[in-house]
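A closer look at the structure
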Amino acid sequence: MSETKLKLEILRYDPEKDQEPHFQTYPVTCQDDWMVLDAINYVKDHVDPTISYRWSCHMAVCGSCGMMIDGEPKLACKTPVRDYANQTARIEPLANFPIERDLVVDMSDFMGKLKRVKPYIIRKDERAIEEGEHRQSPAELMKYRQFTLCINCLCCYAACPQYALIPEFIGPAALTMAHRYNQDSRDQGLAERQDVVAMPEGVWDCSFAGECSEVCPKHVDPAGALQQLKIATTIQWYKGLIGMGGK
Amino acid sequence: MAYVRPVSKTTWYLAKRSYTVHMLQELTSLFVGILALILLWGISAVARGPEVYRGFLDGLAGPGMIVLLWVTTVVMFYHAIAWFSVTPKAMPVQRGEVFVPGSIIAGAHYVIWFVLSLAILLLAGVF
């Protein structure tokens, strides 16, 4: 296996010692097929055990290792080191989130917003178990399937210029989840989500820069979801005007 | 205590090329507004009689106005193309289990644009 040499310039921040973050550089010799996460793990295991960062699955499923790699929000486990061969890769915590320590960000803002959009199936008329399952056709599934692929890595929030400027913005991933459930034929909770979706900090703070979809490692297309949500919200508003509420 | 990185409210769009392009696209809306104002000016002139309407036409023929209209036309084309290209995201069309290709949705917008423009030019007696 051939080797790849690069330097990792990692943002360090210790809340107990530092007034503000600073960069620390680590030269790393990697195997050619390593991902950036492997290189950071190598530094942690062999050079500097004090570096803090999140990771878990190493297969782009858990969404833990989202970080800024040369200014772009990416999953470290999905970013090959060979893309930065003989270069310096600048590694920073996800933009637009407070830094807790080194590459670890405080995600509580997002978690609160996700809860507000009620990302689960809401039924007005619960049916008894003996009545059987809620059946759904493949076409009905396809209507929202793409949006179920979100892994909450928050790369979309780190890329969103609107979230950077307006921290109250509910943001791409949470609103995409609202759309995902609104589109689900088994769901009846659109009206309950509408209070959050239709407020100014909901879909209307999205300016359709489209960066969220550009950086999404799972190709969820949050930008598309939010524009569809804007149209649905407008239709819902007109329906409300003539006394025809939605589901 | 968690550290919050500062964000410049005045220069953020220079941080990344795609942000700058996005802001330029947003800026094209100003020209849409300018064109709408010129149209309103024209309608108002028609309503106020032939003399005023002739004054409006003379106003459009001034060199400054011709430059403005050419710039506005070019910017409007950019505006239309930029937004038509993202219509498949906002208005996906599903047929059964598959989605209609985005090129067809965007293409349909161009066809409607062309047909409507043709209809307006016909009504205006250009042909």
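Everything numeric in this text was worked out from a predicted model, so none of it was measured.

**Let's talk about the overall build of chain A**
For chain A, the helix and strand inventory stands at nine helices and seven strands. The proportion of buried residues among the 247 residues of chain A is 41%. At a minimum sequence separation of 6, the contacts of chain A that also span at least 24 residues come to 68%.

**Looking at the interface of chain A and chain B**
The partner chain B presents 17 residues to the 25 residues of chain A that form the contact. Elements that contribute at least two residues to the side of chain A that touches chain B include exactly strand E6 (99–101), helix H3 (138–142), helix H5 (161–165) and helix H9 (222–241) of chain A. Counting residues per element, the side of chain A that touches chain B draws most heavily on H9 of chain A, at five residues. By residue class, the composition of the side of chain A that touches chain B is 14 nonpolar, five polar and six charged.

**A few points about the pairing of strand E4 (residues 72–75) of chain A**
The pairing of strand E3 (residues 66–69) of chain A with E4 of chain A spans four bridges and is antiparallel. Among the inter-strand pairings, Ile 69 of chain A is bridged to a residue of E4 of chain A, identified as Glu 72 of chain A.

**So, the packing of helix H6 (residues 172–182) of chain A against helix H7 (residues 190–197) of chain A**
Between two packed helices, both the angle of their axes relative to each other and the distance between the axes serve to describe the pair. Residue and element names in this part refer to chain A. Where H6 meets H7, the axes come as close as 10 Å, and the angle between the chain directions of the two elements is 160 degrees. In terms of orientation, H6 and H7 fall into the roughly antiparallel class. Seen along the crossing, H6 lies across H7 with a hand that is left-handed. Judged by residue contacts, Leu 175, Ala 178 and Asn 182 of H6 engage Leu 190, Arg 193 and Val 197 from H7. Among the residues forming the contact of H6 with H7, the class breakdown is four nonpolar, one polar and one charged.

**A short note on the confidence of the model for chain B**
Overall, the prediction assigns chain B a mean pLDDT of 95, with 100% of residues at 70 or greater. Interface scoring of the predicted complex returns ipTM 0.86; its pTM is 0.92.

Criteria and thresholds
Residues numbered from 1 in each chain as written. Chains lettered and ligands numbered in written order. Predicted model: local features only at pLDDT ≥ 70, side-chain atom pairs only at ≥ 80, totals over all residues. Helix = DSSP H or I, 4+ residues; strand = E, 2+ residues; numbered from the N terminus. Buried ≥ 20, exposed ≤ 12 C-beta atoms within 10 Å, placed from the backbone. Contact = placed C-beta atoms within 7 Å. Nonpolar A, V, L, I, M, F, W, Y, C, P; charged D, E, K, R; others polar. Pairing = 2+ DSSP bridges. Axes fitted to C-alpha atoms, helices over the stretch in contact; angles between N-to-C directions. Parallel < 35°, antiparallel > 145°, perpendicular 65-115°, else oblique. Left-handed = near helix turned anticlockwise from the far one by under 90°. pLDDT = per-residue confidence, 0-100.

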